[in-house]
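Now for the letters of each chain:
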Amino acid sequence: IIANMPIGVTLTDRTGRTILINSVCLELLGLGMDPKTASEQTKDIYPLTKLDGSPYPKVLLPSSRAIQEGVLISVDDLVVNRPDGTKRNLRSTSSPVKNVQNDIISIITVYEDITKEKDVDRMKTEFISLASHELRTPMTAIKGFLSMILHGDYGPVNEGLKKPIHNIQISTERQILLINDLLDVSRLQIHVARERLIHPFLGTSCYFDKCIRRRRK
């Protein structure tokens, strides 16, 4: 069944020794296993790193945590460096397999290729940041010129124009606030990603709450 599944699947014992690995997982990781070596462990064969390129600690791997905590563990910050020089972003989900006595006898791990998802997220964040910066500069200038006009820096303002100019000024300020919100979201996403590299056990919501509190201060 595992061999015919359309996703990458491995089955390991409590020590981390690979018992079974399907062909999809081999293709995803880019390297086969030596059938003559029974003690090979996935972590020793495939260079697994974090998003920042640092080695992924064994104790933080989903399979290790699933053994220690006895529950399903999933992460999406795993990167495998393939022998051909390419890299793949992976979502790895591990679940303990228990016997009738509720003892963990093995770990089943599923690997999904989320490289395209990560690329799209990165491009989206970069676009929002770039577009926001490009929009904020002219809007700030427009706001400044409108303020100078209303203060008479360019001469007397016709009474009939004061209200329309004031309305334009209010709309401009709203646009600037919206642009600033977009920039904050972009910075927040980057901050969350960095925080998760440092504190992988904490949920994403913790970082959003912390960043929002900082913003309010």
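Residues numbered from 1 in each chain as written. Predicted model: local features only at pLDDT ≥ 70, side-chain atom pairs only at ≥ 80, totals over all residues. Heavy atoms only, no water.

### So, the overall build of the protein
Okay, so step 1: Within the protein, the secondary structure is distributed over six helices and six strands.
Okay, so step 2: A buried classification covers 33% of the 217 residues belonging to the protein.
Okay, so step 3: Across the protein, contacts joining residues at least 24 apart in sequence account for 47% of those joining residues at least 6 apart.
Okay, so step 4: In the structure as shown, the protein presents an accessible area of about 13,600 Å², 59% of it carried by carbon and sulfur atoms. (Helix = DSSP H or I, 4+ residues; strand = E, 2+ residues; numbered from the N terminus. Buried < 20%, exposed > 50% of the residue type's maximum accessible area, 1.4 Å probe, protein only. Contact = heavy atoms within 4.5 Å. Areas by Shrake-Rupley, 256 points an atom, 1.4 Å probe, with all protein chains shown as cover.)

### A short note on the side chain of serine 64
Okay, so step 1: Mapped onto the elements, serine 64 comes out in helix α3 (residues 62-69).
Okay, so step 2: A relative accessible area of 15% places serine 64 in the buried class.
Okay, so step 3: If near-sequence neighbours (up to four positions away) are discounted, serine 64 is found in contact with Lys58 and Val59.

### Points about helix α4 (residues 115-150)
Okay, so step 1: Between the first and last C-alpha of α4 there are 52 Å, a value that for 36 residues agrees with the 52 Å anticipated at 1.5 Å per step.
Okay, so step 2: In the stretch just after α4, glycine 152 is the one whose phi turns positive, near 80°. (Expected span 1.5 Å × (residues − 1).)

### Side note on the pairing of strand β4 (residues 73-81)
Okay, so step 1: Burial runs high along β4: eight of the nine residues are buried.
Okay, so step 2: Looking at chain direction, β4 and strand β5 (residues 87-98) are connected through seven bridges and run antiparallel. Residue pairing across strands places serine 74 opposite threonine 93, the latter belonging to β5.
Okay, so step 3: Connecting the antiparallel pair β4 and β5 is a turn made up of five residues, with glycine 85 showing a positive phi of about 95°. (Pairing = 2+ DSSP bridges.)

### Structural notes on the sheet that holds strand β6 (residues 104-113)
Okay, so step 1: An order of β2-β1-β6-β5-β4-β3 is seen for the six strands of this open sheet, with the pairing classed as antiparallel. A strand with exactly one partner marks an edge of an open sheet, and here the two such strands are β2 (18-21) and β3 (48-49).
Okay, so step 2: With respect to the sheet, α4 is in contact with β4, β5 and β6, its orientation differing from that of β5 by roughly 125°. (Axes fitted to C-alpha atoms, helices over the stretch in contact; angles between N-to-C directions.)

### A word on unusual backbone geometry
Okay, so step 1: Phi at asparagine 102 is positive, roughly 70°, even though this residue is not glycine.
Okay, so step 2: The topology assignment puts asparagine 102 in the loop between β5 and β6.
Okay, so step 3: For asparagine 102, a relative accessible area of 52% puts it in the exposed group.

### Focus: the nonpolar core
Okay, so step 1: The biggest cluster of nonpolar side chains holds 13 residues, and the ones touching the most others in it are Leu29, Leu48, Tyr56, Leu78, Leu90 and Tyr111.
Okay, so step 2: At the level of secondary structure, the elements contributing two or more residues to this core comprise α1 (23-29) and β4.
Okay, so step 3: Ala66, Ile67, Ile104 and Ile107 belong to the second-largest nonpolar core, a separate cluster that totals five residues. (Core = buried A, V, L, I, M, F, W, Y, C linked by side-chain atoms within 4.5 Å.)

### Examining the environment of leucine 51
Okay, so step 1: With respect to the element layout, leucine 51 can be found in the loop between β3 and α3.
Okay, so step 2: Along the primary structure leucine 51 and aspartate 76 are separated by 25 residues, whereas in three dimensions their C-alpha atoms are 9.5 Å apart.

### Quick look at a nonpolar patch on the surface
Okay, so step 1: Taken together, the side chains of Phe145, Met148 and Tyr154 make up a nonpolar region of the molecular surface, amounting to roughly 320 Å² of accessible area.
Okay, so step 2: Examined against the element boundaries, phenylalanine 145 turns out to sit in helix α4. (Patch = residues over 30% accessible without salt bridge, like charges linked within 9 Å, V, L, I, M, F, W, Y side chains within 5 Å. Salt bridge = Lys/Arg side-chain N within 4 Å of Asp/Glu carboxyl O.)

### Describing the side chain of arginine 88
Okay, so step 1: Tracing the backbone through its elements, the reader meets arginine 88 in strand β5.
Okay, so step 2: Looking at arginine 88, its side chain comes within polar contact range of the side chain of aspartate 113, at 3.1 Å.
Okay, so step 3: Setting aside its immediate chain neighbours within four residues, arginine 88 contacts Glu27, Leu28, Leu78, Val79, Val80, Arg82, Asp113 and Thr115. (Polar contact = N/O pair within 3.5 Å; in protein donor to acceptor, adjacent residues only side chain to side chain.)

### Some points on the pattern of salt bridges
Okay, so step 1: Taken as a whole, this structure holds seven salt bridges when the rule is applied.
Okay, so step 2: When the shortest N-O distance is used, the salt bridge between arginine 88 and aspartate 113 registers 3.1 Å. Residue arginine 88 is found in strand β5, and its partner aspartate 113 is found in strand β6; the two are separated by 25 residues along the sequence.
Okay, so step 3: Arginine 122 is the salt-bridge partner of glutamate 126, the closest N and O atoms lying 3.6 Å from each other. Within this pair, glutamate 126 and its partner arginine 122 are both found in helix α4, separated by four residues, close to a single helical turn.
Okay, so step 4: In this structure, a network of salt bridges that share partners links the residues Asp119, Arg122 and Glu126.

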